[in-house]
Amino acid sequence: MKAKKISTDRTLGVSAMLISLLTLIIFIYQTNIMREQSKLSVKPRLDFTVNQGGNDSIVIFQQVIENKGLGPAIIDSIYFRYNGKIFSLDSEKLLSTQLPKLLDYGYLSQHATLGGGTTLTPEEERSIYTYNLPASKLDSVLSYLNIGPDDDGPFEIEVIYTSIYEDELWKVTSNSSQPTKVK
């Protein structure tokens, strides 16, 4: 039996098909890398800060949420968690119903009503609440809340948010600034 010779045309055709297939695979791989890079370039990262200030006669506590990421954060849901229950982000209502003595000791000078759909741009921060009290009542407040001066506070704030791509959800709490992926 004679060995078949492979023609030059057939070799060139097979080579061209293999090169085209390899080019397609590389193109798909590069497209996936570019898509991931594009998502990372607009990834938000929400974080909480508690500020304490004042002077000899007044103490001010302020809780702030800030977007420390690269892109806008779109809030899906935000709420207080206290004693295992969930409350809307209305600090005045939470304090008056769950911790009424706090409003006897001091007062809220500012409170936010952030909700689903609120967008925080990069480096934007919003005050969630500002609580003022006379310095002489600080020990009474800490005793009432059963917390120390360096503790996080009596309640936790939980936020679920997404980026502009809306294909991933993250959750962050005021007690743990490390976002966790929900979806």
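Please read these numbers as outputs of a predicted model, since none were measured by experiment.

**Q** I tried to follow the sheet that holds strand 5 (residues 107-111) on my own but got confused; where do I start?
**A** Backbone-to-backbone hydrogen bonds pair the strands of a sheet. The strands run either parallel or antiparallel. The 4 strands are arranged 1-2-7-5 in an open sheet whose pairing can be described as antiparallel. The open sheet is flanked by strand 1 (46-54) and strand 5, the only strands paired with a single partner. On average, each strand axis in the sheet is tilted by 15° relative to the strand beside it, whichever way the strands run. By the bridge criterion, 4 bridges tie strand 5 to strand 7 (residues 125-134) in an arrangement that is antiparallel. Within strand 7, the residue paired with L108 across the bridge is Y131.

**Q** Mind showing me how you'd approach the packing of aromatic side chains here?
**A** One pass over the full model with this rule turns up 4 aromatic pairs. Summarising the aromatic geometry, the rings of F80 and F155 are spaced 4.9 Å apart at their centres and angled 80° between planes, so their arrangement reads as edge-to-face. You can see F80 sitting in strand 3 (residues 73-82) and its partner F155 sitting in the loop between helix 4 (138-145) and strand 8 (156-162), a full 75 residues away along the chain. When its relative accessible area of 0% is taken as the criterion, F80 is described as buried. The class of F155 is buried, set by a relative accessible area of 10%. Look at Y161 and W170: their rings are 5.8 Å apart centre to centre, the planes differ by 35°, and that puts the pair in the tilted class. Taken as a pair, Y161 and W170 share a single burial class, namely buried. Put simply, the rings of F80, Y129 and F155 touch in pairs and so form one group of aromatic residues.

**Q** Would you explain the pattern of salt bridges in this entry?
**A** In a structure, side chains of opposite charge can pair up when their charged atoms sit close to one another. Applying the stated criterion across every chain yields a total of 6 salt bridges. Residues D167 and K39 are paired through a salt bridge, measuring 2.5 Å at the closest nitrogen-oxygen approach. One end of the pair, D167, is in the loop between strand 8 and strand 9 (169-173); the other, K39, is in helix 1 (residues 8-40), with 128 residues separating them in the sequence. Given a relative accessible area of 31%, D167 falls into the partly exposed group. You can call K39 partly exposed: its relative accessible area is 22%. In this structure, the salt-bridge partner of D47 is K68, at a minimum N-O distance of 3.1 Å.

Cut-offs applied
- Residues numbered from 1 in each chain as written.
- Predicted model: local features only at pLDDT ≥ 70, side-chain atom pairs only at ≥ 80, totals over all residues.
- Heavy atoms only, no water.
- Pairing = 2+ DSSP bridges.
- Helix = DSSP H or I, 4+ residues; strand = E, 2+ residues; numbered from the N terminus.
- Axes fitted to C-alpha atoms, helices over the stretch in contact; angles between N-to-C directions.
- Phe/Tyr/Trp six-rings, centres within 6.5 Å; stacked < 30°, edge-to-face > 60°.
- Buried < 20%, exposed > 50% of the residue type's maximum accessible area, 1.4 Å probe, protein only.
- Salt bridge = Lys/Arg side-chain N within 4 Å of Asp/Glu carboxyl O.

None of this, on its own, says anything about what the molecule does.
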